[in-house]
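# Coordinate inspection notes
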Amino acid sequence: MAVKDPDRLKEFEAGLKVIQEAVDQVNAIAEGTSSSSLSSADYMRYYTVVFDLSASHPLGDFTKELYDKYKQIFEDHITLKVLPCLREKNDQELLQELVRKWGNYKIITRWLSKFFWFLGRYYIPTRKLPSLQETSFIAFHNLVYGEVNSQIRNAAISMINMGREGEEIDEVLLKNILAIYIEMGIDSNKYYEQDFEEAMLKDSAAFYSRKSSNWKQNKSHDDYLIMVEDCIKHETETVSSYLQSITQEKLLQQVVRYELLNTELEGLKPLDRDLQSS
């Protein structure tokens, strides 16, 4: 931090205490431990503190320090409140806890983005930094998915395969989990594609390759075709309720039809080759 006027430093330190009050209040609301809501007076108090420390001032402002504080708030929240809970869970319980934590996290992001609005209006555009929402979501992706994405992805893929085997699964939970990948990317499918879709397609290819091999050994040709038809119907009608439309096309054309009908169909490329060329 650059050398600041002592009086302004005192204002900044006092302002940080008010900001922490805001964080604590918003956390309590998001987690349901407080029955009170933010009043208009609360909002103006928190917003004004950030504005006063950000605005041009003859004794210097703390805009950069406030932006760093904004990022730290989310990193601390993830480290102290999100990851410890996720580390205790596995499989479907992990997915349920993730949906709950993500819902709370979005509430916190929404409120803090309002308090720090002045940074998003002036400081962030001039520095070409990620928006306030992006800054928050990037932290969640890097810290949460950087540690537990493999567990999250594997649990989701396991649920998909259970559904393929005829077991009843929580499709709403699965849809909510996959929606997080999309929401984190804001206007992009990058997290969904790189952290989930590619692995899911490869796992699906292995799943249907095993099915094809087993059925060809134990079923008549007519029975085999009936089972293929049932698989295609399932992927078309059931999986479409939680997968992105672009994934449905890849799943049907590059995986299901290729793995189950590769001896009858011509011109379809194997999944790995097709992914490499895309």
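Attention here is on the structure that accompanies the text.

## Topic: the side chain of Arg164
Along the chain, Arg164 falls in helix H6 (residues 132-164). In this structure Arg164 comes out as buried when scored by relative accessible area, which is 13%. A distance of 3.0 Å separates the side chain of Arg164 from the side chain of Ser204, its partner in a polar contact. Not counting residues within four places of it along the chain, the set of residues in contact with Arg164 comprises Met200, Ser204, Phe207, Tyr208, His234, Glu235 and Leu251.

## A short note on the nonpolar core
A general trend in soluble globular proteins is that nonpolar side chains are found buried together. With 78 residues, the main nonpolar core has Phe116, Phe140, Val144, Ile177 and Phe196 as its most contacted residues. With 13 residues, H6 is the single largest residue contributor to this core. Ignoring sequence-local partners within four residues, the contact set of Phe140 consists of Ile78, Val82, Leu98, Trp102, Tyr105, Tyr145 and Met184.

## Thoughts on helix H3 (residues 63-87)
The terminal C-alpha atoms of H3, which comprises 25 residues, lie 35 Å apart, in line with the 36 Å expected from a rise of 1.5 Å per residue. Along H3, the sharpest change in direction is near 40° and occurs at Ile78.

## Some points on the packing of helix H7 (residues 171-185) against helix H8 (residues 190-218)
Relative orientation and spacing of two packed helices are given, respectively, by the angle between their axes and the distance between those axes. Contact geometry of H7 with H8 gives a least axis separation of 7 Å together with a crossing angle of 140°. By the angle between their axes, H7 is oblique relative to H8. Contacts between H7 and H8 involve Leu178, Tyr181, Ile182, Met184 and Gly185 from the first element and Tyr191, Tyr192, Asp195 and Phe196 from the second. Of the residues belonging to the contact of H7 with H8, the class tally is 7 nonpolar, 1 polar and 1 charged.

## Topic: the side chain of Thr135
If you trace the backbone, Thr135 turns up in helix H6. The exposure class of Thr135 is buried, given its relative accessible area of 8%. A polar contact of 3.1 Å, which involves the side chain of Thr135, links it to the side chain of Tyr67.

Rules and cut-offs
Residues numbered from 1 in each chain as written. Predicted model: local features only at pLDDT ≥ 70, side-chain atom pairs only at ≥ 80, totals over all residues. Heavy atoms only, no water. Helix = DSSP H or I, 4+ residues; strand = E, 2+ residues; numbered from the N terminus. Buried < 20%, exposed > 50% of the residue type's maximum accessible area, 1.4 Å probe, protein only. Polar contact = N/O pair within 3.5 Å; in protein donor to acceptor, adjacent residues only side chain to side chain. Contact = heavy atoms within 4.5 Å. Core = buried A, V, L, I, M, F, W, Y, C linked by side-chain atoms within 4.5 Å. Expected span 1.5 Å × (residues − 1). Bend = angle between axes of the 7 residues up to and from the residue. Axes fitted to C-alpha atoms, helices over the stretch in contact; angles between N-to-C directions. Parallel < 35°, antiparallel > 145°, perpendicular 65-115°, else oblique. Nonpolar A, V, L, I, M, F, W, Y, C, P; charged D, E, K, R; others polar.

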